[in-house]
Amino acid sequence: MKRTVAKRSPAVKLGLAACLCSAALLARQDPAEPPQGKPAGKPARELSGAIARKAVDEAALRATIEDLVACGTRHSLSSWEDPKRGIGCGRDRVVARFQSIAKESGGRLAVSVDRFEATGPRTREKPARMENVLAFLPGSDPRLAKTVFLVSGHFDSMPSSVMDPEADAPGADDDASGTAVSVECARLLAKGTYRATLLFAAVSGEEQGLLGGRRLLEHLKEKGYLIGGLLNNDIVGADFAPGGPHRARVFSGGGPDGVDSPSRDLARTVEEIAGRDAVRMVFRLDRLGRGGDHRPFVEAGLPAVRFTEPLENYDHEHQTPRTENGREYGDLVKFLNFEFLGNVARANAETLRRLALAPAAPKDVTVAGGITPDAKLAWSAEEDPEREGFEILWRETTDPRWSVYDFAPAAGENVLKGVSTDNRFFAVRSVGSNGARSIPVAAVLKPPPTPKPQ
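Calculation criteria
The residue numbering used here restarts from 1 in each chain and proceeds along that chain's sequence as written. Restriction of local features to residues with pLDDT of at least 70 applies here, the model being predicted, together with a cutoff of 80 or more for giving and counting side-chain atom pairs; totals for whole chains, interfaces and linings are based on all residues. The basis for the side-chain values is all heavy atoms of the structure; hydrogens and waters are excluded. Between any two strands, at least two bridges found by DSSP are needed for them to pair. Numbered from the N terminus, helices here are DSSP runs of H or I no shorter than four residues, and strands are runs of E no shorter than two. One side-chain nitrogen of Lys or Arg within 4 Å of one carboxyl oxygen of Asp or Glu is enough to make a salt bridge. Axis lines are fitted to C-alpha atoms, over the contacting stretch for helices. Their N-to-C directions set the angle, which ranges from 0 to 180 degrees. Should an angle fall under 35 degrees it is called roughly parallel, over 145 degrees roughly antiparallel, and 65 to 115 degrees roughly perpendicular, with every other angle called oblique. Contact between two residues is taken to exist if any of their heavy atoms lie within 4.5 Å; hydrogens are not considered. Ring pairs shown here join Phe, Tyr and Trp side chains whose ring centres sit within 6.5 Å, with only the six-membered ring taken for Trp; geometry is labelled stacked below 30 degrees between planes, edge-to-face above 60, and tilted in between. Buried means the residue's accessible area, taken with a 1.4 Å probe over protein chains only, is under 20% of the maximum for its type, while exposed means over 50%, and partly exposed covers the values in between. Here, a charge over a ring is recorded when the distance from Lys NZ or Arg CZ to the ring centre is within 6 Å and its angle to the ring normal is within 35 degrees.

Q: So what exactly am I meant to see when it comes to the sheet that holds strand β14 (residues 403–408) here?
A: Sheet architecture is open: four strands sit in the order β14-β13-β16-β17, paired in antiparallel fashion. Of all the strands in the sheet, just β14 and β17 (441–442) have a single pairing partner and so form its edges. The pairing of strand β13 (residues 387–396) with β14 spans five bridges and is antiparallel. Residue pairing in the sheet places Ile392 in a bridge with Asp406 of β14.

Q: Even after reading the chapter, I still don't get the pattern of salt bridges, so can you show me in this structure?
A: Pairing is possible between side chains that carry opposite charge, provided their charged atoms lie close to one another. Per the counting criterion, the structure on display carries 44 salt bridges. Here Glu131 makes a salt bridge to Arg129, at a shortest N to O gap of 2.7 Å. What emerges from the salt-bridge pattern is a single network uniting Asp234, Arg249, Asp286, Arg287, Arg290, Arg306, Glu312 and Glu317.

Q: What am I meant to see in the packing of helix α2 (residues 58–69) against helix α3 (residues 87–104) here?
A: When two helices pack together, their arrangement is given by the angle between the helix axes and by the axis-to-axis distance. Interaxial distance between α2 and α3 falls to 9 Å at its minimum, and their mutual angle equals 155°. With respect to each other, α2 and α3 are oriented roughly antiparallel. On the side of α2, the interface is formed by Ala60, Ala63, Thr64, Asp67 and Leu68, while α3 contributes Gly90, Arg93, Val94 and Arg97.

Q: What is the right way to look at the packing of aromatic side chains in this model?
A: Pairs of aromatic rings are described using the distance from one ring centre to the other and the angle between the two planes. Under the definition given, this model contains four aromatic pairs. Aromatic pair Trp80 and Phe155: ring centres 6.5 Å apart, planes at 80°, arrangement edge-to-face. A residue pair is termed long-range when its members are at least 10 positions apart, and Trp80 in the loop between α2 and α3 and Phe155 in the loop between β3 (147–154) and α4 (172–189) qualify at 75 residues. Phe155 gets classed as buried once you look at its relative accessible area, which sits at 0%. Seen in terms of ring centroids, Trp379 and Phe390 are 5.5 Å apart; in terms of plane orientation they differ by 65°. Their pairing is edge-to-face. Of this pair, Trp379 sits in strand β12 (residues 375–380) while Phe390 is found in strand β13, placing the two residues 11 residues apart along the sequence. For the pair Trp379 and Phe390, a shared accessibility class is recorded, and that class is buried. The ring of Phe407 is capped by Lys42, whose NZ or CZ atom sits 5.6 Å from the centre of that ring.

So this is what it looks like as structure tokens:
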């Protein structure tokens, strides 16, 4: 994959090198853990067949966005019946794109529309019709077919007033761009075979209060799916700052301690797969005071992150197209950067591919051993002949990223001799014989044994 990274000045490079050297020198002032040295572990195996950046079709991304923009507005309270203007026009364009991909895949991609009603302040507290477009690629492994990894964008748009269904609202960036990523991921992946199920979604009602995202979560639970992870793409088509293309931001909500959560570990996984030069982890749920369709999933304790462009221009979001005092407003195609958008699409597709090929994540990961010289990790896992084992991960409490401590061939309890439970966090992830890795599961404190009745 070709990636472009902003050049650093010699002074900046020297500063970074000095920081790294200082960190290494400071680490030498701490006792070695374990004293005998880190285990050699098992050599890492990597999954082959990565999606190349050149496989992403920028022309297809543009065509999807232009199709949606041509609907004039896609406000969720506009017409669902008019084929040329309104939210129904947007739905039809997305369905047509997915159906074309389904045909090319030999019918393996199952396209459907989930129609529902939702009520909220931005529907005037009255039930409003909404529809989500869903394209499922069923998993091939019976053990994992009810686990779903999904990518989503919202195909509704809004003008300057969120309650105005009549004004033009082209919504090229917000969020035809995210919808185009979902469609392109379907095109890139639909002909492949994956252990888990993949879902490519385009939802409505986001601007009216995350209505489509909430329904998406509810719908998947109704169908009995275990949600492996959600990649939400919202405002991912522009890169306004000079010197681009820059990295996409990946937002993730933290856990009770502000550090670990399933979403945070999905963000780390995205970065590990896509590369640090492709995505920038932002350790917060979303932009300040704003929200997206990943929020309902995060609030349910599920792995979900949001992709967003590196630096937004608010003249081109939630604005009715117009020119005032020589300043142009409006969310138009001409403001998009398709090289950047292609990078985002590739990062999403490769993340989905790897996760859908991986074994199920371990369960019940705990850590014990406080007030002892050894950390004791334990976890469980279902039988899986395609799993090679597990990687035990650790990190300094101030370090944002995991590193591999050791490899364990089976679930159960593993004692990390000479490793303090106080100085690091721990996690475990499954590793397939193909080299695919699950999302890490952070270890939580092992609960004390239940007292026996006297």
